[in-house]
Structures are given as structure tokens and as C-alpha cells.
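Summary of structural features
Single-letter residue listing:
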Amino acid sequence: AYTNLGLSSSLATITNKYVRFKPSSVDQLATLDSTMDAQGLETFDTPVDYNVTYEGDYYQDPAIPEEQVTWQYAVVPPNFIFPAGIQYEIIAQIHIPGDNYTAIETEAERLASIQDGLNGNSSSRSSNTISPNVADDCLPGWVWDPRLRRCINTNCPTGYYWDGDQCVPNNPPPPPPAPDAAVPAGNITVFDNNFGTNLPVRKARVVARRWYKIERVFTDINGHYIFTKRFKDKVRINVKFKNADSQIRAFRGARLWQMLYAVQRTLGIFSGNKSAIDYLFLRIVPENSKGMRYWAAATVHNAVQDYRGYAPQEGIALPPSGLKIILSSWGRGSAATPLFGKRVLNGVGQEFVLTFLATAVNPIVGGVAAAIVVLKKQVDIALSYNIDLTRLNSDRLKETTYHELTHSGHYTALGNGWYTNFVDKEISEIISNFGNPTFSPYGGGNNSYSSPIIALGESWAYYMGHFLANRTYGLNSGISVEQGIGYTNNNPLAGLSSHLNLLEDFSPFRTTDPFHWIPQGLFYDLNDARNETTPVLDQVSGYSNQQMFNSFQSTIYTLQDYRVRLLQTTANPTSGFVPNLFSLYGY
């Protein structure tokens, strides 16, 4: 190619190696993932020299049993140090022309197409092709789904079309253009059904690839991304919910090792002017659809960014970095933060798996025992969005995420010992009450072994979850349900969002609520300026979130001891009423 364009062939030096890895276990795949991430490199489960005619979430090499990790392909620098113990092959030593030589790429691909023709293959770039099944013509309004291998009715709303995975807008608004039409750029957004608008997806990883030429960047606070490399011809763009703060994963049942992959979405293959490639994640029903998974992942991803902005402002601890958050549409529990990836632990009960990830063993290849092997190091937060669709709103997902991130902040501030004690007590209640879902996952509040620390940790997390959801949404909040009551904005108290109404109206006297002993309203009563007489007499106000958070200690395991420290360390004009307030909540 260089010679044909009148340049010296000596310019075609080796710039990279095209390799593949075969991890033998989940641990090896995790090691490979972290090694590549640390060097800004990407792995792919499809060969990068193949022409993929349809790209889904995952690909399994047909020669590899589905319960085993498939080949992982990558382009690495010549001096790349391969991770010890992981099988690898160097497929080829390659040359990637610099951005000033994109004409070389075009000429090289033209020559490759001619060579394919001489070999009796198609005139496409590569004779290697991964294709879906081909269907007969579908009825009008129906499309062929290569994963389901049948025609499906897309039911897209007006103004949207089915792109193979979900409904996307016909004419998305153009983003600010890149300075060069060959440099991919655009905006990534997610629909927020509380605000009724599209919000930027912040700090998401975006990957551009054409054969061996690969680059990754991150969206900014406006959801905007722009690459530095020029892609003169077609380029494939992917977005991944993964950064240094967290990676959002998905539990799908089959092929458990794929839980290690961040949720990703192929935006498409683009040619021509690439400076305005927009993408919107819509809320697609039903809840177990791929579209809903993408939407939930984008929403939770943004919630992590929200929280990391709020925490310093509120004076509370940041979550640990690199959180592994796994989503499931099968779990019957709402969410949990065991921090299995951060703590040292000996085992995970099957009850935890079935409560927060899957309602039955059947969807899991290899059963729960196989899932436990993966969970032991690879899950920090498990979040089920198996929720009534009338409540599966943006604010509900974010409130739950804020709640769980608050738990992880306790781990950051109080250390492994306190947090392991807390998690162990909750897991013991999950196991004890697995056959009695009414009292799962917290128990009945009368267990001297577990109830005190659960009441302490959960009351703070419930408070912060709703407090921050109110900070995000205010009177745009959806219905919040607790103690069998559906709270709305301005009801029962005008001027309060549903989240604050829930906290203000929480009653320890509603004994029909199995968890009335977890005082969700306590910290809000310490903070807010209203002196309500019902459901509890609130004569306290003015304690800031920072003051309340700083009163936690690694040696405090009960709300009674917390109350003592709060009074010892924080001056407040209403402090004389604090003991009575705690007493009314049962502490």
C-alpha cells in the first residue's frame, strides 16, 4: 500500500501485535480485564479481523463449551507483558498507519479485497464472517431477531424504529460536530421518565474500532465524547458502562463468566461524516428486555456519578473505587451491598444468590454452586430491577443505588471489621428467613445477635437514599412506597417530595410493617426544621449530614451507642430532646 501510493515501504514497521487470550477461570478473566484496563487496552470476544454481520452483547466461540470462558482478542503494543499463567497466542504482528496516513488504510483494504477475490472468497474486507441465521421475509411491522431466531413485533412508538435490540429515534438531534468529519464524536443520553427528558450519560466508556485500529474515550459531564483518531472509512462504535469508579454488569443466567463484562451497547457502524453520532437509551418494557437492561444500566451508572458528587458536599464518605455492580431482572430482593470484591470472605450462601439475583436455579448454567464461585470476588452491589413497572422509575432506581452506595461509604469510613460484622448479620437473617420472605432480609427486629447493627446501618442508608433522591428530583419524584403506604409529592405534607414525605411520616408504631423497627425517619427528624407531633414527637433539628455521619465509629454497633456519641461530639441547641426522639423510635 505504501509503495502504491509512492511512499517508502520502510514505513510499514511493526506497531502492534494482534493476540488472543484463553483464560481458564473467572479469576484469570478478571486478572486479564484489570491488566488491560490499567494500560488503556480493550479486549473483544469476537476476532477483530472478522466481519461481524450482527453484533449482540456477547459472543461465544462455538468450539468452546458455553460454561467456559471464550477466547478474548486484543491489539497490544509490541512490548506488551503478557499476564502470567494465562494462555495466549500471538496471531500476527501488524502495522497500523498513523492518522496522517489514512489513505494507506484504504489502499491496504483494497488490496486485501483483491486478494480475497483471487482466493475465491467474497470481495468483502475479510473472508472470515460471523453471521446470524437468515429468515424468510417477516410480516409488515415485524423484524427478524437473530438471537431469538424468529420474527418479533417491535411495537416501537411513533418516531422510533427497531435497530435489532431496542427502539431508537428516527432523527436524533445532532451533537456539536467534531472539527474533522473523520473523527467520531457525539452525545450519549438516557431517558429520565421522572423529568420526562433525556439526560447526559456521564463518564461512560466509548470505544471506536475499525479492524485493528482501536481507541477509547469517556463522555464528559454533558454526555459528549470525541475521539482523537481519524477513521476515514467505516467505524464501529460501542458504549460501555465502565470507568474507574464502577462497572455496571448484568446477570443473565447462562454463561456466568459473562457477569464480568460491563454492560455494553453497539451504537452501530458508521461511515461518511462521523462527527455527530448520538445515542439515546430508552426505557423499553417489559422489565426483562434488553432495552430495559440498557436503560437500567445507564441510570445506575449515572447514579454513581451523582453520589460521588453529592458525598463531598454532604460531608459523607465516598464509595470505594472500582465497584462491581451487577443488575438482575430475576431477583426477588431489591438490592444488597456485600462488597464481595472488596472484602476477604470464606463463603456465600445460596440464599443470597436466590434472593438478589435469581428466583430459581434453573436459569443458571451449573446451578447456584457455580454462581457462588463467581460471586465470591466479583460482586460488590447486587441490584434487582424486578419491580412493578408502575414503580420502575428513574428516581426509584437512583434512590436504591444511593442507598447501596451509602452502605459502601460506611465500609470506606468504618473499615473491614465493622462492615463484615454488618454484612454477616444481614446474611444470617437472609438464611434464617429464606422460607419466610416477610422477614427477609432483615429479620423481625428481636434478634439480639443481628438486629442492633442492622437497625443502625439500614436506618442511615434508607435516610440517605431518600434524601439524595429528593435532592435529585424534588417534586418531580414518583410514588415512594413504605409501610404499605404510597407517598406522593405534596401528600401528606405540602411542599415535600414523595421521598421526604415517606421519611417524615415513617412510624415505628405501624407494627403491621415487619421492619418498623428500622427507624427510617430518625435521621431526617434530626436534620429537618419541622417539629411534628405525629407519628413521633419531633423536637430536634439542625443536625447536618456531616455531623451525623461523623458520629459513626467502628466500635459502635447499636443506635443507643450512636446516640451517646452524637450527643458527646456535636453541639446543638435541640440536643436535650434527642434522647426522647430516640426513645420514641424504640432506642
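To keep things clear, this report deals only with the structure shown in the data block. Computed from a predicted model, the values in this text were never measured in an experiment.

**Considerations on the overall build of the protein chain**
The helix and strand tally for the protein chain stands at twelve helices and 23 strands. Buried positions account for 55% of the 587 residues belonging to the protein chain. Here the analysis covers contacts within the protein chain between residues at least 6 apart in sequence; of these, 69% occur between residues at least 24 apart. Working note: accessible area of the protein chain is about 23,800 Å², and carbon and sulfur atoms make up 51% of it.

**Thoughts on unusual backbone geometry**
In this model, asparagine 491 is joined to proline 492 through a cis peptide bond whose omega is 10 degrees. Looking at the secondary structure, you find proline 492 in the loop between β23 (485–487) and α8 (498–505). Cis geometry marks the peptide bond from threonine 534 to proline 535; its omega dihedral reads -5 degrees. Summarising the element assignment, proline 535 is placed in the loop between α9 (522–527) and α10 (545–550). Unlike most non-glycine residues, lysine 203 shows phi in positive territory, near 60 degrees. Within the fold, lysine 203 resides in the loop between β11 (197–200) and β12 (205–210). In this structure lysine 203 comes out as partly exposed when scored by relative accessible area, which is 32%. You will see that tryptophan 211, though not glycine, has its phi angle at about 50 degrees, which is positive. On the secondary structure map, tryptophan 211 appears in the loop between β12 and β13 (213–218).

**Regarding the sheet that holds strand β1 (residues 16–22)**
What the three strands build is an open sheet, ordered β3-β1-β4; its pairing is antiparallel. Because the sheet does not close on itself, it has two edges, and the strands there are β3 (72–76) and β4 (87–94). On average, adjacent strands in this sheet sit at an angle of 25 degrees to one another, irrespective of strand direction. Sheet analysis places β1 next to β4, joined by seven bridges and oriented antiparallel. Each residue of the ladder has a partner; that of phenylalanine 21, found in β4, is tyrosine 88. Contacting β1 and β3, helix α1 (residues 26–38) crosses the sheet at an angle of about 25 degrees to β3.

**With respect to the nonpolar core**
By size, the foremost hydrophobic cluster in this structure holds 102 residues, and its most contacted members are Ile237, Phe281, Trp460, Tyr463, Phe523, Leu526 and Tyr562. In terms of residue count, the dominant contributor to this core is helix α3 (residues 290–314) (twelve residues). Residues in contact with tyrosine 562, not counting those within four places in the same chain, are Leu456, Phe523, Met548, Ser551, Phe552, Ile556 and Phe582. Counting residues in each nonpolar core, the second largest holds twelve residues, with Trp71, Val75, Trp211 and Ile214 among its members.

**Remarks on the pattern of salt bridges**
Inspection of the entire model under this criterion finds 21 salt bridges. For lysine 213, the salt bridge goes to glutamate 105, with nearest N and O atoms at 2.9 Å. Taken as a pair, lysine 213 in strand β13 and glutamate 105 in helix α2 (residues 102–118) lie far apart in primary sequence, 108 residues in all. In this structure, lysine 213 and glutamate 105 share a single accessibility class: buried. The residue aspartate 505 makes a salt bridge to arginine 510 at a minimum N-O spacing of 2.9 Å.

**Some remarks on the sheet that holds strand β21 (residues 381–384)**
Taken together, four strands build an open sheet; the order of strands is β16-β19-β21-β20 and the sheet is mixed. This sheet does not close on itself; its edge strands, each paired only once, are β16 (246–250) and β20 (335–336). Relative to the sheet, α3 contacts β16, β19 (323–328) and β21, its axis offset from that of β19 by approximately 150 degrees.

**As for the pairing of β13**
Among the six residues of β13, five are classified as buried, and the element is accordingly described as predominantly covered. Where β12 folds back onto β13 in an antiparallel hairpin, the turn is made up of two residues, including tryptophan 211, whose phi is positive at roughly 50 degrees.

**Details of helix α11 (residues 559–569)**
For α11, the full list of buried residues reads Leu559, Tyr562 and Leu566. Take α11 and look down its axis: the buried residues cluster within an arc of 50 degrees, on one side only. Against α7 (451–473), α9, α10 and α12 (578–584) lie the buried residues of α11.

**Focus on a nonpolar patch on the surface**
Among the surface-exposed residues, Leu5, Leu7, Leu11 and Tyr101 lie close enough to one another that they form a single nonpolar patch of about 300 Å² accessible area. Of note, leucine 5 is situated in the segment before β1.

**Thoughts on the environment of threonine 197**
Mapped onto the elements of the fold, threonine 197 is located in strand β11. Since its relative accessible area comes to 37%, threonine 197 is described here as partly exposed. Not counting residues up to four positions away in its chain, the partners in contact with threonine 197 are Val190, Phe191 and Asp192.

**Quick notes on α1**
Here α1 is 13 residues long and its end C-alpha atoms lie 18 Å apart, about the 18 Å a rise of 1.5 Å per residue gives. Within α1 the residues assigned to the buried category are Val26, Gln28, Leu29, Ala30, Leu32, Asp33, Thr35 and Met36. Glycine 40 occupies a position one or two residues after α1 and carries a positive phi of about 70 degrees.

**Some thoughts on the packing of helix α6 (residues 394–432) against α7**
Following both chains from N to C, one finds α6 and α7 inclined at 155 degrees, their axes separated by 8 Å at the closest point. In terms of axis orientation, α6 runs roughly antiparallel to α7. Crossing of α6 against α7: the hand is right-handed. Partitioning the contact of α6 with α7 into residue classes produces 13 nonpolar, ten polar and seven charged.

Conventions we followed
- Residues numbered from 1 in each chain as written.
- Predicted model: local features only at pLDDT ≥ 70, side-chain atom pairs only at ≥ 80, totals over all residues.
- Heavy atoms only, no water.
- Helix = DSSP H or I, 4+ residues; strand = E, 2+ residues; numbered from the N terminus.
- Buried < 20%, exposed > 50% of the residue type's maximum accessible area, 1.4 Å probe, protein only.
- Contact = heavy atoms within 4.5 Å.
- Areas by Shrake-Rupley, 256 points an atom, 1.4 Å probe, with all protein chains shown as cover.
- Pairing = 2+ DSSP bridges.
- Axes fitted to C-alpha atoms, helices over the stretch in contact; angles between N-to-C directions.
- Core = buried A, V, L, I, M, F, W, Y, C linked by side-chain atoms within 4.5 Å.
- Salt bridge = Lys/Arg side-chain N within 4 Å of Asp/Glu carboxyl O.
- Arc of directions from axis to C-beta.
- Patch = residues over 30% accessible without salt bridge, like charges linked within 9 Å, V, L, I, M, F, W, Y side chains within 5 Å.
- Expected span 1.5 Å × (residues − 1).
- Parallel < 35°, antiparallel > 145°, perpendicular 65-115°, else oblique.
- Left-handed = near helix turned anticlockwise from the far one by under 90°.
- Nonpolar A, V, L, I, M, F, W, Y, C, P; charged D, E, K, R; others polar.

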